[in-house]
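# Descriptive analysis of the structure
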Amino acid sequence: MWYIVSIIFGAIVGSFLNVCILRLPKEESIVWPGSHCPQCKTPIQFYDNIPLVSYMLLKGRCRHCHCVISFQYPLIEGITALTSLILFMKFGPSLSYLFYFLFVAALIVVTVIDLYHQIIPDVISLPGIGVGLLASLILPQLTFLDSLKGLILGGGSLFVVATLYQWLFKREGMGGGDVKLLAMIGAFLGWKAVILTVLLGSLIGSIIGISIMILKGKDFKYAIPFGPFLSLGAVIALFYGPSLINWYLYLNR
Ligand SMILES: [Zn+2]
């Protein structure tokens with residue numbers, strides 16, 4: 001029963017994340033006005049705005065102008081619902097569940113916005129740093145010192161790399177957005193997991209980046225955003241961090 005509630009809660013939050021993804025890059029209000037069709041601008045009624053369900057009932061089209069509604073909406077709702085269920089199964093009905101769900105929800109928004117716009121909004125990462133630090137005072141998984149070390153190590157290490165890169169190559173390789181994002185990840189997960197996040201994010205990012213270069217030819221010049229890979233690394237660190245760190249220590253005994 002509670003599992004179903006966590007799925008429904010996740011889908012509703014996912015619906016809100018879609019609004020954030022659409023409006024935060026345009027610096028629009030995320031609460032007003034209500035949702036409307038991007039094509040015919042008709043406001044969407046509450047009965048057509050039920051996460052996942054409405055998309056299926058309307059077969060992915062606007063009720064009024066029948067334009068195709070992006071598959072991204074149900075996709076984000078589905079991913080968020082699944083995230084909520086998995087975290088609920090891991091942490092049960094607890095504050096830990098709520099904090100980590102908020103954390104992953106923020107990473108979902110960051111990932112999609114960074115993919116489309118190559119920016120990471122400060123309105124997510126900066127309050128996220130504060131929430132992570134505060135959460136460490138309550139959460140049993142994390143101490144305040146661990147969270148603070150994670151913040152400094154995460155933000156600090158990328159800041160040094162970004163500054164060195166800019167000084168050496170006279171152009172910006174990594175944005176300040178990535179620095180603030182990794183500081184937020186460090187504040188939520190602690191210093192060990194933030195190291196793991198950077199390692200995993202760089203590894204996955206390099207594999208994908210090299211694959212794209214091979215597929216598209218070496219004159220491929222698009223900057224590949226780092227935020228989605230850091231986010232993916234952070235999610236892996238959240239779920240498998242302790243086992244990965246133990247495995248590493250075991251190998252190096
Ligand atoms: Zn329409």
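Here's a quick rundown of the structure. (Residues numbered from 1 in each chain as written. Predicted model: local features only at pLDDT ≥ 70, side-chain atom pairs only at ≥ 80, totals over all residues. Heavy atoms only, no water.)

### Looking at the environment of Pro 228
In this structure, Pro 228 sits in helix H9 (residues 227–251). Looking at Pro 228, the relative accessible area reads 12%, which means it is buried. On a C-alpha basis, the gap between Pro 228 and Ile 119 in space is 11 Å, while along the polypeptide they are 109 residues apart. Look past the residues within four positions of Pro 228 in its chain and what remains in contact with it is Thr 111, Asp 114 and Leu 115. (Helix = DSSP H or I, 4+ residues; strand = E, 2+ residues; numbered from the N terminus. Buried < 20%, exposed > 50% of the residue type's maximum accessible area, 1.4 Å probe, protein only. Contact = heavy atoms within 4.5 Å.)

### Here's the deal with the coordination of the zinc ion
Within the protein, the atoms that donate to the zinc ion are Cys 37 (SG), Cys 40 (SG), Cys 62 (SG) and Cys 65 (SG), at distances of 2.3 Å. In the primary structure, the donors to the zinc ion are separated according to the pattern C-x2-C-x21-C-x2-C. Residue Cys 40 is found in the loop between helix H1 (2–23) and helix H2 (53–57), and its partner Cys 62 is found in the loop between H2 and helix H3 (72–91); the two are separated by 22 residues along the sequence. The exposure class of Cys 40 is partly exposed, given its relative accessible area of 31%. (Donors = N, O, S within 2.8 Å, 3.2 Å for Na, K, Ca; no water.)

### Focus: the side chain of Thr 197
Structurally, Thr 197 can be placed in helix H8 (residues 191–216). Judged by its relative accessible area of 0%, Thr 197 falls in the buried class. Dropping the residues within four chain positions of it, Thr 197 is found in contact with Leu 182, Ile 185, Leu 189, Leu 230, Gly 233, Ala 234 and Ala 237.

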